[in-house]
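Reading the structure
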Amino acid sequence: MSTEKLDALQSGMDSKPTAQGTIALGVDESRTPRIPEELSILPVRSFVVFPGTVIPLNVQRSASLKLLDDTLPRTKVIGLLTQRDETKEDPLPHDLYSIGTAALVLKLVRQSEDNVLVIVQGLRRFSLRKIIATDPFLRAEIDLPQSILPPPSKEWEATFRNLRDSASRLFELTPDAPEQARTMIMNIENPEQLADFLAPNLNIDVAQKQALLGELDVEKRVHAVQQHISAQLEIAQIQQRLQKDVASQFSDAQRRAYLRSQLKAIQHELGETDGGNEEQAQQLRARLQEAKPPEEVMKQAERELKRLDFIPPASPEFSVIVSYIEIIADLPWNKFSKDDLDLDQAQQILDRDHYDLEKVKKRLIEYLAVRKLNPQGHGAILCFLGPPGVGKTSLGQSIADALGRKFVRISLGGMRDEAEIRGHRRTYIGSMPGRIIQELRRCGTRNPVFMLDEIDKIGADFRGDPASALLEVLDPAQNHAFVDRYLDVPFDLSQIIFIGTANYIEGIPEPLRDRIEVISIPGYTEREKAEIAKRYLVPRQLQENGLKPEQCDFQEDAIRRVINDYTHEAGVRELERQIGAICRGVAAQVARGKTEHVTVTPEIVREMLGPAKYVRETKLKTSKPGVVTGLAYTPQGGEVLHIEATRYPGKGNITLTGQIGNVMKESVQAAFSLVRSRDGEIGIRAEDFRKMDVHVHVPAGAVPKDGPSAGIAMFTALASLFTNRSVRSDVAMTGEITLRGLVLPIGGLKEKSLAAMRAGISTVIIPKLNEKDLPDVPEEAKQKLNFVPVENVDEVLAVALEKNGATASASANKSA
């Protein structure tokens, strides 16, 4: 019995029922419409429609669509004949069976111009008498033959009941058979209707179904349906018996596995062990003994090895246990790299791999010295903080080289799953240890230099917080017994030198920040970048592009041109890319034989790299009231910031533009309030504040800006504007202000000093409390810049404003 035809849906074209399937309802003779002697014939394929069934049809052939359009306005009754060959698209009369079913069109749904859905109900059998038309569709005269019913008898009643019981039994054995179908079978009292209901749902071919449709003798038709039902019932019973046999065989397999395990235990007691798994277990046990894990780990591994004796090799759990034991055996429980704590050699390696960074190198040498004096001590967890491209990752590699340890690096950027650190439990399919255990397994030693790159870019979501999982890893008081969820045994991480890298300290969670020592690596100066390019970048790019030193060399002016006009960064990555682009251009000329040697000059740089990509801010060419040079710190280094203020008649309002953040807006408000509160001391008329509107703008408008360090610059711009005294163009300043007029310290003094030096500034006003940071400023900047520490805004104005008190007009006349 085909459950798909009873419960599921079938799809098709003209020749097939649609997704609605067939439903047998029987025919109410009292309400059956009159069937005309001439019928429009609709060919169908792949199925046979029986009287009493309701079935949807998808009509798509043009002739069939024409039939519906012409016939349905006159009569709702059409003839359905099955094709002998379902592959024919335009069947002729001899391609159709001669007996079909007259059907009533119950509903028509036009889905598109060439696709119509019709729902029909089979009414009565008919036979073709004469074809009267073939174009544009078939029309024929028909006869309505009468079914031959047997006389009532006990034998006929028994035949009918046997058919009904067999069909009901078949439905019981059919998986997923609809319950309502069995109920319908038991409610049918007419043998002919029962046969016509069962016939279209039998798993037999179209020809056999057509034979059932053409059989007018109801007794023969019932017997034929009974034969098909009995055959399918026998098949269903065989399938059920096979399923029971499989289930019993599975139970037997389990019983045999249990007995086999008992037999192995007996053989083990007798010393006669010779199992298939024993050899693999012995190999794993030998690997474990070679790895020499702690006693607690060895006991856990032995428990898992014993389980292998009771698990068939085909079982999925067998491979899980083998993988677990192999990972434990591969871990470096007692393998160490011997430390080379020669501090002079370490200094040489650091100097070889990195230029300058003296403060960072000094701290690393101190770190190594502590390791030398106290090898078992738990040193600090270092974190290199700085902008991209300054050498944070390569510093970790240099430390590993200096110590003679292996170097391991994992990137934490974008990590969101806590299991990446702690591992997955073995209950999950495809589980594995965390990244830390995996990397230790790969490197083969228990004391590598382990770099946690991009520690400030760890994410968090519903899967957990990896940063919280790192708290245990980076805590010397806890990481001696780190438990990976996959291993479920402790592993000692205390001998690992963990080094983190980050671009922003704000991105590191506070609990994690508390466990690390931050070493700041600021950006490089122009001189430092030029030296790095000459010592490292140019030789490396010449080698990567197949050039020899005698084929290409760079003038120092050319390198500085690249630094100033084609890069805008604190590190040297973009500088190396631009040098690589020049080397590729030279390589193309050498490969074509146009030249044998090229000396890269500033002109060649412009020719190969095109127009300058970046234009740096420089000092103001003239001094004007209301225009001040400030200093800012960005991840790419320091920047010069020109602050402009102007006034015009109004009501004392202040306008702020230049995409400045909330903190900088508050600095402007504080500066404006401070200027108004000191109007008498500065020499400003109080009524000017009521009669004038003020507009403060910070170019460039497309770049977001924020922070409090421009406070004294804002104050100076407003004071200069209202006193009409010009600000010195060779002065730049940085510092936060208070409403009492005090100047508070700021950060990034080194980067801001370098920016002032590049812009041609000669004097830099800094907070008095930042004098302690002057030793960090490069010597080159100290020689070119005059640093003026100040404690309050009065000192700022004394240095920044023109000494002669010249007005803007006087300055303009003097310039003219």
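Here the structure is shown first, and the text comes after it.
Everything in this summary refers to the structure shown in the same document.

Definitions and limits used
Residues numbered from 1 in each chain as written. Predicted model: local features only at pLDDT ≥ 70, side-chain atom pairs only at ≥ 80, totals over all residues. Heavy atoms only, no water. Helix = DSSP H or I, 4+ residues; strand = E, 2+ residues; numbered from the N terminus. Buried < 20%, exposed > 50% of the residue type's maximum accessible area, 1.4 Å probe, protein only. Contact = heavy atoms within 4.5 Å. Areas by Shrake-Rupley, 256 points an atom, 1.4 Å probe, with all protein chains shown as cover. Axes fitted to C-alpha atoms, helices over the stretch in contact; angles between N-to-C directions. Parallel < 35°, antiparallel > 145°, perpendicular 65-115°, else oblique. Nonpolar A, V, L, I, M, F, W, Y, C, P; charged D, E, K, R; others polar. Pairing = 2+ DSSP bridges. Salt bridge = Lys/Arg side-chain N within 4 Å of Asp/Glu carboxyl O. 1 Å grid on protein atoms, 1.4 Å probe; cavity = no way out; pocket = protein on both sides within 12 Å on 5 of 7 lines; lining within 4 Å. Points joined across faces, edges and corners; volume = space filled by probe spheres on them. Phe/Tyr/Trp six-rings, centres within 6.5 Å; stacked < 30°, edge-to-face > 60°.

1. A closer look at the overall build of the protein
Secondary structure summary: the protein contains 29 helices and 25 strands in total. Scored against the burial criterion, the 816 residues of the protein give a buried share of 49%. In the protein, of all internal contacts separated by at least 6 residues, the share reaching a separation of at least 24 is 74%. As presented, the protein carries roughly 40000 Å² of accessible surface, and 49% of it is formed by carbon and sulfur atoms.

2. Comments concerning the packing of helix H3 (residues 154-173) against helix H4 (residues 179-187)
Axis separation between H3 and H4 bottoms out at 10 Å; the angle between their running directions is 175°. Relative to H4, H3 is oriented roughly antiparallel. Residue-level contacts link Arg 164, Asp 165, Ala 167, Ser 168, Phe 171 and Glu 172 of H3 to Ala 181, Arg 182, Ile 185 and Met 186 of H4. When the residues that make up the contact of H3 with H4 are grouped by side-chain class, the tally is five nonpolar, one polar and four charged.

3. Considerations on the sheet that holds strand S8 (residues 381-385)
An order of S9-S10-S13-S8-S14 is seen for the five strands of this open sheet, with the pairing classed as parallel. What marks the edges here is a single partner per strand, and that holds for strand S9 (407-411) and strand S14 (516-520). The mean inter-strand angle of the sheet, taken between neighbouring strand axes irrespective of direction, is 25°.

4. Here's the deal with the pairing of S9
Moving residue by residue along a regular strand, the side chains alternate between the two faces of the sheet. Taking every second residue as pointing to the same face, the buried face of S9 carries Val 408 and Ile 410, while none of Phe 407, Arg 409 and Ser 411 on the other face is buried. Sheet analysis places S9 next to strand S10 (residues 449-453), joined by five bridges and oriented parallel. Its bridge partner lying in S10, Arg 409 is registered against Met 451.

5. Describing the environment of Leu 493
With respect to the secondary-structure elements, Leu 493 resides in the loop between strand S12 (490-491) and strand S13 (497-502). With relative accessibility at 0%, the residue Leu 493 sits in the buried group. Put simply, Leu 493 and Ile 437 are 56 residues apart on the chain and 9.6 Å apart in space, counted from C-alpha to C-alpha. Beyond its immediate sequence surroundings of up to four residues, Leu 493 is in contact with Ile 436, Leu 440, Val 473, Asn 479, His 480, Phe 482 and Phe 498.

6. Looking at the pattern of salt bridges
Applying the stated criterion to the full structure yields 52 salt bridges. Here Glu 304 and Arg 307 are joined by a salt bridge, their closest N and O atoms 3.2 Å apart. Placement of both Glu 304 and Arg 307 in helix H9 (residues 295-308) is noted, with a separation of three residues, approximately one turn of the helix. Residue classification places Arg 307 among the partly exposed positions, given a relative accessible area of 33%. Each member of the salt-bridge network shares a partner with another, and the members are Glu 526, Glu 531, Lys 534, Arg 535, Glu 556 and Arg 560.

7. Some words on the layout of surface pockets
The calculated volume of the largest pocket comes to roughly 1100 Å³. Surrounding the largest pocket, 38 residues form its lining, Ser 520, Ile 521, Pro 522, Tyr 633 and Glu 751 being those nearest its centre. Looking at the lining of the largest pocket, the elements with two or more residues in it are helix H12 (358-373), S14, helix H18 (526-544), strand S17 (627-634) and helix H26 (749-759). In terms of residues, the lining of the largest pocket owes the most to one element, H12, which gives six residues. Tallied by class, residues from the lining of the largest pocket come to 18 nonpolar, six polar and 14 charged.

8. Brief notes about the packing of aromatic side chains
Applying the stated criterion across every chain yields a total of six aromatic pairs. Look at Phe 672 and Phe 689: their rings are 6.0 Å apart centre to centre, the planes differ by 75°, and that puts the pair in the edge-to-face class. Taken together, the residues span a long stretch of sequence, with Phe 672 in helix H22 (residues 662-677) and Phe 689 in helix H24 (residues 686-691) at a distance of 17 residues. The class of Phe 672 is buried, set by a relative accessible area of 6%. Classification of Phe 689 by relative accessible area gives buried; the value is 2%. Between Phe 672 and Phe 722, the aromatic rings sit 6.5 Å apart at their centres with planes inclined by 40°, giving tilted as the arrangement. One end of the pair, Phe 672, is in helix H22; the other, Phe 722, is in helix H25 (residues 711-723), with 50 residues separating them in the sequence.

By themselves, these figures tell us nothing about what the structure is for.
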